[in-house]
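Chains, contacts and geometry: an overview
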Amino acid sequence: LNERRGIEMSKSATGKVGGAGLAAGLAGTAALMAMRMFDQKYAPRTVPMMKKDPGAYARQAVESASGMTGVLPASVERIADFLPGVAYGAFFGVAYAMLSGQRRRRLPLLHGAVLGSVVYAIGYLGWLPAIGLSKPSWRQRFPEVAGEMLRHVAYGITTVKMYDALEPKSRK
């Protein structure tokens, strides 16, 4: 019975940690998206050129696989195009929360910079060029690389700070 309670408590703690990580990842994603919107208007040279929006690519792949191409109204398509990026940022917030362990002291600038750099590398050195949505980072102009890296570091710092604020008290 005690073992079972321990498992239930563990599941409960995992849910709380995951929920805090989810909220933190969403906050980080909001920061990154706000910075990107600002930069698209005022510093467009810092925004990497994409062959296609990753969210639109994901939506079109789902539409094609399901045989529902062209069924969604344009307003729903815009929302559907937006959601994969939000889910991507939320996923890394949850992953950070689960992997951060029982650490009592976090260094938000350092841990956030590492988290943001890892997320950047997975996307811009990994899957985005692998599926042909963007050039690899080493073929992009310096302002594009620096701008996107800065936005991802801001994502990481925001995510870590928010997770610290939301972290379940039982783990602190």
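Heads up: the structure comes first, above all this text.
First things first, this report covers the structure right here in the doc. (Residues numbered from 1 in each chain as written. Predicted model: local features only at pLDDT ≥ 70, side-chain atom pairs only at ≥ 80, totals over all residues. Heavy atoms only, no water.)

Digging into the packing of helix H3 (residues 74–99) against helix H4 (residues 108–130)
The interhelical angle for the contact between H3 and H4, taken along N-to-C directions, is 135 degrees, at an axis separation of 12 Å. Relative to H4, H3 is oriented oblique. Regarding H3 and H4, the two cross each other, and that crossing is right-handed. Mapping the contact onto sequence places Tyr88, Phe92 and Tyr96 in H3 and His111, Leu115, Val119, Ile122, Gly123 and Trp127 in H4. When grouped by side-chain class, the residues that make up the contact of H3 with H4 number seven nonpolar, two polar and no charged. (Axes fitted to C-alpha atoms, helices over the stretch in contact; angles between N-to-C directions. Helix = DSSP H or I, 4+ residues; strand = E, 2+ residues; numbered from the N terminus. Parallel < 35°, antiparallel > 145°, perpendicular 65-115°, else oblique. Left-handed = near helix turned anticlockwise from the far one by under 90°. Contact = heavy atoms within 4.5 Å. Nonpolar A, V, L, I, M, F, W, Y, C, P; charged D, E, K, R; others polar.)

Focus: H4
In this model H4 runs 31 Å from its N-terminal to its C-terminal C-alpha over 23 residues, within 8% of the 33 Å that 1.5 Å per residue would give. Every buried residue belonging to H4 is among Pro108, His111, Gly112, Leu115, Gly116, Val119, Tyr120, Gly123, Tyr124, Leu128 and Pro129, and all of these are buried. (Expected span 1.5 Å × (residues − 1). Buried < 20%, exposed > 50% of the residue type's maximum accessible area, 1.4 Å probe, protein only.)

Overview of the packing of aromatic side chains
Scanning the model with the defined rule gives six aromatic pairs in all. Between the aromatic rings of Phe38 and Tyr42, the centroid separation amounts to 4.8 Å while the plane-to-plane angle is 40 degrees, which identifies the pairing as tilted. Here Phe38 and its partner Tyr42 are both found in helix H1 (residues 2–42), four residues apart, which amounts to about one turn of the helix. Taking 5.9 Å as the distance between ring centres and 85 degrees as the angle between the ring planes, the aromatic pair formed by Tyr96 and Tyr163 counts as edge-to-face. Of this pair, Tyr96 sits in helix H3 while Tyr163 sits in helix H5 (residues 142–166), and the two are 67 residues apart along the sequence. Of the two residues examined, Tyr96 and Tyr163, each falls in the buried class. Clustering of aromatic rings is evident, with ring pairs tying together Tyr88, Phe91, Phe92 and Trp127. (Phe/Tyr/Trp six-rings, centres within 6.5 Å; stacked < 30°, edge-to-face > 60°.)

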